[in-house]
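Chain by chain, the residues run as shown.
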Amino acid sequence: MGVWIAIGATAVGCYLVKLAGLLVPAGALERPLVRRLAALLPVALLAALTAQQTFADGHALVLDARAAGLAAAAVALVLRAPFLLVVAAAVVVTAGVRALGG
């Protein structure tokens, strides 16, 4: 029964968040600060998700092959490589480190 309560509470919460977004006046969304924050929010969320997936294993922080792949991707980005090359560099470096026993 507790699972269904959690599912129902989550559904209601999602609906209320969506409703709150629709009730915001249009004038509030046109402010320069709000527009700037709205543009930066997806980047911040993606960076947080990447950091969590790279450096966390359950409740512990780890430094393994995923960190090497992320570093390779960062280097490729600094060198302004195309996106597919950035992903390929991360994959190759991660696989190489894992193959070497890391």
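Residues numbered from 1 in each chain as written. Predicted model: local features only at pLDDT ≥ 70, side-chain atom pairs only at ≥ 80, totals over all residues. Heavy atoms only, no water.

Draft legend 1. Structural detail: the overall build of the protein chain. Scanning the protein chain from terminus to terminus reveals five helices and two strands. Across its three principal directions, the C-alpha atoms of the protein chain cover 55 × 45 × 20 Å. Taking all 102 residues of the protein chain together, the buried fraction comes to 12%. Put simply, 29% of the contacts in the protein chain that link residues at least 6 apart link residues at least 24 apart. Looking at the protein chain as shown, the accessible area adds up to about 8200 Å², and 76% of this sits on carbon and sulfur atoms. (Helix = DSSP H or I, 4+ residues; strand = E, 2+ residues; numbered from the N terminus. Buried < 20%, exposed > 50% of the residue type's maximum accessible area, 1.4 Å probe, protein only. Contact = heavy atoms within 4.5 Å. Areas by Shrake-Rupley, 256 points an atom, 1.4 Å probe, with all protein chains shown as cover.)

Draft legend 2. Summary view of the nonpolar core. Counting five residues, the largest nonpolar core consists of Ala 73, Ala 76, Ala 81, Val 86 and Ala 90. If you list the elements that add at least two residues to this core, you get α4 (65–78) and α5 (83–99). Here Ala 76 is in contact with Ala 81, Val 86 and Ala 89, once residues within four sequence places are set aside. (Core = buried A, V, L, I, M, F, W, Y, C linked by side-chain atoms within 4.5 Å.)

Draft legend 3. Molecular detail of helix α3 (residues 32–55). Helix length check: α3 (24 residues) gives 34 Å between terminal C-alpha atoms against 34 Å at 1.5 Å per residue, within 8%. Helix geometry: α3 is bent most strongly at Leu 40, by close to 30°, with proline Pro 42 lying one to four residues after it. (Expected span 1.5 Å × (residues − 1). Bend = angle between axes of the 7 residues up to and from the residue.)

Draft legend 4. Quick peek at the pattern of salt bridges. This model, assessed by the stated rule, comprises two salt bridges. A salt bridge links Arg 35 to Glu 30; the nearest nitrogen and oxygen atoms lie 3.3 Å apart. Overall, the relative accessible area of 52% leaves Glu 30 in the exposed class. With its nearest N and O atoms 3.3 Å apart, the salt bridge here joins Arg 66 to Asp 64. (Salt bridge = Lys/Arg side-chain N within 4 Å of Asp/Glu carboxyl O.)

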